[in-house]
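# Structural features, examined
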Amino acid sequence: MANGMNAGDGGSEVASLRRRVVELEAELRQARNGATRDGEPRDATTDEQYRFVADAMPQFVWVARPNGETEYVNRRWYEYSGMAPNERLHEAWPRIVHPDDLQHVAETFLQAHQRKETHEAEFRIRRASDGQYRWHLSRSTPILDGEGEIRKWIGSAFDIEDRKRAEDELRRTKSQILDILDSITESFIAVDRDFRLTYVNQRVADRVGLMREALIGRSLWDVAPAAMDSEFYSHYTKVIADRKPDRFEMFYAPTDSWYEVYAYPTEEGLSAFIADITARKRAGRALLEKDRELARLNQHLSRFNADLEQFAYAAAHDLQEPARNVQLDVQLLARSIESPTPRVARHMNSAIESARRMQDLIQDLLSYTQSIQEDEQSAVCDPVQVVQAVLADVRAAVDAADAEVLYDRLPASARMKALHLRQILYNLVSNALKYHGAARPCIRIGCREAPGEQIFSVTDNGVGIAPEHHERIFKVFKRLHGRDIPGTGIGLAICKRLVTHYGGRIWVESEGTGHGSRFRFSIPDARTAPA
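Anyway, here's the lowdown on the structure attached to this text. The structure presented is a predicted model; accordingly, all values stated were derived computationally and were not measured.

Criteria and cut-off values
- Residues numbered from 1 in each chain as written.
- Predicted model: local features only at pLDDT ≥ 70, side-chain atom pairs only at ≥ 80, totals over all residues.
- Heavy atoms only, no water.
- Helix = DSSP H or I, 4+ residues; strand = E, 2+ residues; numbered from the N terminus.
- Buried < 20%, exposed > 50% of the residue type's maximum accessible area, 1.4 Å probe, protein only.
- Contact = heavy atoms within 4.5 Å.
- Pairing = 2+ DSSP bridges.
- Patch = residues over 30% accessible without salt bridge, like charges linked within 9 Å, V, L, I, M, F, W, Y side chains within 5 Å.
- Areas by Shrake-Rupley, 256 points an atom, 1.4 Å probe, with all protein chains shown as cover.
- Salt bridge = Lys/Arg side-chain N within 4 Å of Asp/Glu carboxyl O.
- Axes fitted to C-alpha atoms, helices over the stretch in contact; angles between N-to-C directions.
- Core = buried A, V, L, I, M, F, W, Y, C linked by side-chain atoms within 4.5 Å.
- Phe/Tyr/Trp six-rings, centres within 6.5 Å; stacked < 30°, edge-to-face > 60°.
- Lys NZ or Arg CZ within 6 Å of the ring centre and 35° of its normal.
- Left-handed = near helix turned anticlockwise from the far one by under 90°.
- Nonpolar A, V, L, I, M, F, W, Y, C, P; charged D, E, K, R; others polar.
- Polar contact = N/O pair within 3.5 Å; in protein donor to acceptor, adjacent residues only side chain to side chain.

### What to know about the overall build of the protein chain
- Helix and strand counts for the protein chain come out as 16 helices and 15 strands.
- For the protein chain, with 531 residues in total, the buried portion stands at 38%.
- Long-range contacts, defined as pairs at least 24 residues apart, comprise 57% of the intrachain contacts of the protein chain with a sequence gap of at least 6.

Written as structure tokens, this is what we have:
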């Protein structure tokens, strides 16, 4: 038998098997040379003992003539290959050894024979039990006579299929990793303890402007001299010394760039993943500037809103007295005229109604500007008590409309000032009473729990609201009906302002005219609210 490629380091198991093979070969050489370990001539019993030892080996063992024809092959070979005892090995060889390995084994054995040196090769041998070709490591040693000529070949071989598969898998995995490293847009390097480059991905080569082959083996500090005086050097040396991974960000002046680096210790030295984060850093600075500008604008807007609310409050407050005086004057004028003509009476009644509506509008405007004047987000109230107070407020309207108002499933507490919750529910219930349909008004107040919030609802069977108006109704002075139904169009705007102040939201659900409405508003759950 013969071989081809150098097997390399097969690990501790392979080394142990090799030592056993060498020992066996030494014993067989001693046997074939006609002497025992003590130098005495061997007898038939000793020869039989060596054959017994060889047959007991789990590896293949053989003895061959100088030309390679075998004189002896152990039992393991016959069991594995399926070769008949009376069959010549050189005749069975082509069907036992993999066709792709035959020429290589023959050529390398011929070279070893010419040089009179040990022949070692890896090749595939067919297993008779299942027809599978498995890799084996073969080693043949020449026995020389006194004149330096080959007398015998003593050899052995053992199965290395599992090792070969592991090596193939390792090569595939390594190839996949290298392909991934070459496909990424960031830089990746590996260096030994002396900072000589052992690997660079294509990104590094592109940035440096050299072929990768020209970089391997060179000092990192020769390739990038300025890096030796930067944080790269201090962090890299620390990783190698401490054998601990490190992550850092740094500005590298020669490239006017920011880098994020992940460095890991390896058996050879270290590997580093280097990402250019310059764009991210610049975007972060720009975002910070925008945040500062936004904070300045918000501060300016807050001052403007405060001034506007103060003006609206002052204007509404100052307009109350003139509006009352107008209404009183018109009423006094009406009383002073004993028998006004129908036209005069109509104009007087219109003036009185206009003055009343002006007073209502001014009062609602005051309510809107005063709805939130301080931070009440930490206040907590009892919704049941609030609802009962609201029902007392609207009792006259409920009786007048013969309405039914129910409430159920209310929580024990709500994170809202009682006055504010009362304003919201009063406006919603009042609207439900005003905008009822032909059927008897039925209004239901409820609440359900949701993750991190409470969702209150006021449901009615009134006239309903078309979907295109669901957003519009929450704006100041926006009304869907004319003067037939009293109101100023501020009530829902007050509701939205209060709910938004507490971090919640308000919306309406209605399929349209004649289908009733359900108003919902959410506030953060009182149980999760800050103290």
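### Some words on the pairing of strand β5 (residues 150-159)
- The buried fraction of β5 is high, at 8 of 10 residues.
- In this sheet, β5 lies alongside strand β1 (residues 60-64) in antiparallel orientation, the contact comprising 5 bridges. Looking at the pairing, Val-63 lines up with Ile-154 of β5.
- Pairing of strand β4 (residues 133-144) with β5, which is carried by 9 bridges, proceeds in the antiparallel orientation. Bridge pairing in β5 links Ser-138 to Ala-157.
- Following β4, the chain reverses through 5 residues before pairing antiparallel with β5; Gly-148 in that reversal takes a positive phi of roughly 80 degrees.

### Thoughts on a nonpolar patch on the surface
- Together, Leu-333, Ile-337 and Val-344 give the surface a local cluster of nonpolar side chains, amounting to about 210 Å² of exposed area.
- The topology assignment puts Leu-333 in helix α11 (residues 278-336).
- By relative accessible area, which is 46% here, Leu-333 ends up partly exposed.

### Remarks on the sheet that holds strand β14 (residues 505-509)
- Here we have 5 strands laid out as an open sheet, ordered β11-β12-β13-β15-β14, and mixed in their pairing. With partners counted over all chains shown, the strands left at the sheet margins are β11 (404-407) and β14, one partner each. Recorded for the sheet is a direction-independent mean angle of 15 degrees between the axes of neighbouring strands.
- Relative to strand β15 (residues 517-524), β14 runs antiparallel, the two sharing 5 bridges. Bridge pairing links Glu-509 to Arg-518 in β15.
- Running at roughly 135 degrees to β14, helix α16 (residues 491-501) makes contact with β14 and β15 of the sheet.

### Regarding the nonpolar core
- Counting residues in hydrophobic clusters, the biggest one holds 39 residues, and the most contacted among them are Ile-424, Leu-425, Leu-428, Phe-519 and Phe-521.
- Here this core gets 7 residues from one element, more than from any other, and that element is helix α15 (residues 418-434).
- With near-sequence residues (within four places) excluded, Ile-424 lies in contact with Met-416, Cys-495, Leu-498, Val-499 and Phe-521.
- Core analysis: the next-biggest nonpolar cluster, separate from the first, contains 24 residues, Val-191, Phe-195, Leu-270 and Ile-274 among them.

### Side note on the packing of aromatic side chains
- By the definition in use, this model includes 17 aromatic pairs.
- When the centroid spacing of 5.6 Å and the interplanar angle of 75 degrees are considered together, the rings of Phe-232 and Tyr-252 count as edge-to-face. You can see Phe-232 sitting in helix α10 (residues 231-242) and its partner Tyr-252 sitting in strand β8 (residues 246-252), a full 20 residues away along the chain. There is no split in this pair, since Phe-232 and Tyr-252 are both buried.
- Positioned above the aromatic ring of Trp-135 is the side chain of Lys-164, whose terminal nitrogen or guanidinium carbon lies 4.4 Å from the ring centre.
- Over the aromatic face of Trp-258 sits the side chain of Lys-281, whose NZ or CZ is 4.6 Å from the ring centroid.

### Observations regarding the sheet that holds strand β7 (residues 197-200)
- Taken in spatial order, the 5 strands line up as β7-β6-β10-β9-β8 in an open sheet, and their pairing is antiparallel. Lying at the two open borders of the sheet, with one neighbouring strand each, are β7 and β8. On average, each strand axis in the sheet is inclined to that of its neighbour by 20 degrees, with strand direction left out of account.
- For β8 and strand β9 (residues 257-265), the ladder comprises 7 bridges, and the chain directions are antiparallel. Each residue of the ladder has a partner; that of Phe-251, found in β9, is Trp-258.

### A few points about the pattern of salt bridges
- Within this structure, the stated rule accounts for 34 salt bridges.
- Arg-139 is the partner of Glu-120 in a salt bridge, and the nearest nitrogen-oxygen pair spans 3.6 Å. Linking Glu-120 in strand β3 (residues 119-126) with Arg-139 in strand β4, this pair joins segments that are 19 residues apart in sequence.
- We classify Glu-120 as partly exposed; its relative accessible area is 23%.
- Here the salt bridges share partners, and the residues they tie into one network are Arg-247, Glu-249, Glu-260, Arg-280 and Lys-281.

### So, the packing of α15 against α16
- Between α15 and α16, whose axes approach to 9 Å, the crossing angle comes to 145 degrees. Remark: the crossing between α15 and α16 carries left-handed chirality. Along the contact surface, α15 presents His-420, Gln-423, Ile-424, Asn-427, Leu-428 and Asn-431, while α16 presents Gly-491, Leu-492, Ile-494, Cys-495, Leu-498 and Val-499.
- Grouping the constituent residues of the contact of α15 with α16 by class yields 7 nonpolar, 5 polar and no charged.

### Observations regarding the side chain of Lys-152
- Turning to its location among the elements, Lys-152 is positioned in strand β5.
- By relative accessible area, which is 15% here, Lys-152 ends up buried.
- Here Glu-71 takes part through its side chain, which lies 2.5 Å from a polar atom of the side chain of Lys-152.
- Ignoring sequence-local partners within four residues, the contact set of Lys-152 consists of Val-63, Ala-64, Glu-71, Thr-141, Pro-142 and Ile-143.

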